[in-house]
Amino acid sequence: MQNFSEFCQLSIKDNKLCLKAIIDITPGDVILEEQPILMSPQWESDQMKCSNCLKSSFVMCQACLVFPMCVECSAHDQFDCEFFQRAKNISKNVLISNYTIYAPLKCLLKMENPKTSNGGVNELLKLNAHLEDYLKSETWVEHRQKVVQPILECGIAEYFQNIKVDEEILQKLCSLIDLNSYEITNRDGEQVRGIYLRAPTIPHSCIPNTLMAVDDDFNLKIYASLPIRQGEIIYISYTNPLMGTSQRQHHLKMTKFIDCSCPRCKDPTELGTYLSSIKCKLCPEGYVSFSNSQWTCEKCSSTISEVDVNRLLSEVAEQILYADGDVRQYEALLAKYTCDFHPHHFLMIDIKQNIASILRAILMNPLCQPGRSVLRRKIELCEEMLPVVRAVQPGISRLYAIALYEFVITFVELTNYEYNDGEISIDEYKNRLLKSREMSNESVRMLEFEPLNSPEGHLGQRIKMELKQIEEYLTKVGSDAV
Ligand SMILES: [Zn+2]
Ligand SMILES: [Zn+2]
Ligand SMILES: [Zn+2]
Ligand SMILES: [Zn+2]
């Protein structure tokens, strides 16, 4: 079992467990390294995953005929395999017909197996399952239907000798799996779920001072993203920083039973980003934000009812869904709602991110010959995103590093076109390359703490290649100095 590093210590604050820095911590310093106690497919996964390596699977284990395997693996967990060879009365389809049971079933098998019964799952069961909140949730009903009933009804309980398999233990496991797992991208680029013991005990803040990174072998690392002074509490974020306050709070409540009241949640402007603010209809420059339980204009103090705000939000959210990958429809939505929202409103950001990712796909497709307008539009979108990302994720930020990279690759491409066609002077060309070099360097610095064998680590390598290219362009025009 890995533990927290020598930089910090668990302590109690306001009756809650928290992690405190016991010395000054520098950005990049590792706070925790941990291996998962279990990796599993997502609850709703419809693609079978190999029970040994989690790659897509198209065959079953020939010994037990219950667990999916991939063509490269020759065996999965021996105890699990033998367990199902003995369980003669259980349908061989028990798992593939009810794939949602995978993670809780694996936990039960680990508890039953004498070699692992004192291991991670046992530790997991000691953690707070927040049963009071969980019992009232819709998730409980869903887990009952998709996990508890299939397991109890298939008759497997009688094959367990060391543990009692009933609804209570199954529901507790489901809640603990939800609370202590992270979505992780596997080597196939698909989302899987890693269950960890230590990292999920770090409290949440929407302005965290750490970042989490996971490598291709699912080893997790938490490192400082900002300087942390001795005595300060260590926080991590469990939400998307580009969501607005009420959306983040809802997400945290639903997934982790957390009521967040961090400084960002209390700030109506959300650190000056206005991510949730709406344009005032009664004055030309005012923005309406949620403060003191009301939607109030900061300039003229007029108010909008919460019902009206929510109606507008659902209307736009529905139209975003409806646009479904069509770049013209996204652009039309931006034009339509530009007089209703702050340009950094999270829904506007969402639309802009959708457009940017479509443009990225066009630009990366060797069969497409995009015009300059595509490059210019992507640059424009990147320029709008950069300050917002910077504000919501200060310090080392993977998101910011990616946004910088996205900007640079497009900017350099456009710059080369314009220079080669004589549209910009050599001095302008050099200046733009120098700016790109600086931004690439910043991006590389931010990704240097990511594991090399992780998607972000690979991205770091790609940015270094881009940097090399920029250096070559600079050398060609006889300059690498300011
Ligand atoms: Zn495999
Ligand atoms: Zn097997
Ligand atoms: Zn918060
Ligand atoms: Zn106003």
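Residues numbered from 1 in each chain as written. Chains lettered and ligands numbered in written order. Predicted model: local features only at pLDDT ≥ 70, side-chain atom pairs only at ≥ 80, totals over all residues. Heavy atoms only, no water.

A.B. asks: Which parts of the structure should I look at to understand the packing of helix H10 (residues 306-323) against helix H12 (residues 346-364)?
C.D. replies: Interaxial distance between H10 and H12 falls to 11 Å at its minimum, and their mutual angle equals 10°. Classed by the angle they form, the pair H10 and H12 counts as roughly parallel. Touching Leu313, Val316 and Ile320 of H10 are Leu347, Asp350, Ile351 and Asn354, all from H12. (Axes fitted to C-alpha atoms, helices over the stretch in contact; angles between N-to-C directions. Helix = DSSP H or I, 4+ residues; strand = E, 2+ residues; numbered from the N terminus. Parallel < 35°, antiparallel > 145°, perpendicular 65-115°, else oblique. Contact = heavy atoms within 4.5 Å.)

A.B. asks: Quick question: what am I supposed to make of the coordination of the zinc ion (ligand 4) here?
C.D. replies: In this structure, Cys280 (SG), Cys283 (SG), Cys297 (SG) and Cys300 (SG) serve as the protein donors to the zinc ion (ligand 4), at separations of 2.3 Å. Geometry at the zinc ion (ligand 4) is tetrahedral, judged from the 4 donor atoms that bind it and their angles of 105 to 116° at the metal. Every donor residue of the zinc ion (ligand 4) comes from the same chain, spaced as C-x2-C-x13-C-x2-C. Assessed through its relative accessible area of 33%, Cys300 is described here as partly exposed. (Donors = N, O, S within 2.8 Å, 3.2 Å for Na, K, Ca; no water. Tetrahedral: all angles 85-135°; square planar, octahedral: opposite > 155°, others 65-115°. Buried < 20%, exposed > 50% of the residue type's maximum accessible area, 1.4 Å probe, protein only.)

A.B. asks: Just checking my understanding: could you explain the pattern of salt bridges for this structure?
C.D. replies: Opposite charge on two side chains permits them to pair, given that their charged atoms come into close proximity. Per the counting criterion, the structure on display carries 27 salt bridges. In this structure, Lys106 and Asp80 form a salt bridge, with 2.6 Å as the shortest nitrogen-oxygen distance. With Lys106 in helix H3 (residues 102-112) and Asp80 in helix H1 (residues 78-86), this residue pair connects regions lying 26 residues apart in the sequence. Both residues of the pair, Lys106 and Asp80, count as buried. Linking Lys352 and Glu384 is a salt bridge whose minimum nitrogen-to-oxygen distance equals 2.4 Å. Of this pair, Lys352 sits in helix H12 while Glu384 sits in helix H13 (residues 372-392); the two residues are 32 residues apart in sequence, bridging distant segments of the chain. Overall, Lys352 belongs to the buried group, its relative accessible area being 6%. Since its relative accessible area comes to 27%, Glu384 is described here as partly exposed. In the salt-bridge network here, residues are joined through shared partners; they are Arg376, Glu418, Glu428 and Arg432. (Salt bridge = Lys/Arg side-chain N within 4 Å of Asp/Glu carboxyl O.)

A.B. asks: I keep staring at the coordination of the zinc ion (ligand 3) and nothing clicks. Help me out?
C.D. replies: Tetrahedral coordination by four donors sets the ideal angle at the metal to 109.5 degrees; octahedral coordination by six donors sets it to 90 or 180 degrees. Every protein donor of the zinc ion (ligand 3) is accounted for by Cys206 (SG), Cys260 (SG), Cys262 (SG) and Cys265 (SG), and the metal-donor separations fall at 2.2 to 2.4 Å. Coordination at the zinc ion (ligand 3) is tetrahedral, judged from the 4 donor atoms that bind it and the angles of 106 to 114° they form at the metal. Ordering the donors of the zinc ion (ligand 3) by residue number gives the pattern C-x53-C-x1-C-x2-C. We classify Cys260 as buried; its relative accessible area is 11%.

A.B. asks: Could you clarify how one ought to interpret the layout of surface pockets in this entry?
C.D. replies: In this approach the atoms are scanned with a rolling probe the size of a water molecule, which exposes any empty space left behind. What the second largest pocket holds in volume is close to 1,200 Å³. Lining the second largest pocket are 39 residues, with Lys16, Leu17, Pro203, His204 and Ile258 positioned closest to its centre. Among the secondary structure elements, those contributing two or more residues to the lining of the second largest pocket are strand E1 (8-13), strand E2 (16-21), helix H8 (245-256) and helix H9 (263-266). With 3 residues, the single largest contributor to the lining of the second largest pocket is E2. (1 Å grid on protein atoms, 1.4 Å probe; cavity = no way out; pocket = protein on both sides within 12 Å on 5 of 7 lines; lining within 4 Å. Points joined across faces, edges and corners; volume = space filled by probe spheres on them.)

A.B. asks: In this structure, what is going on with the nonpolar core? I would like to understand it.
C.D. replies: The tendency in soluble globular proteins is for nonpolar side chains to be buried side by side. One finds Phe341, Ile351 and Phe407 to be the most contacted residues of the largest nonpolar core, which totals 69 residues. Looking at this core element by element, the count peaks at 11 residues for helix H14 (residues 398-420). Counting 50 residues, the second largest nonpolar core, distinct from the first, contains Cys64, Cys81, Tyr159 and Leu179. (Core = buried A, V, L, I, M, F, W, Y, C linked by side-chain atoms within 4.5 Å.)

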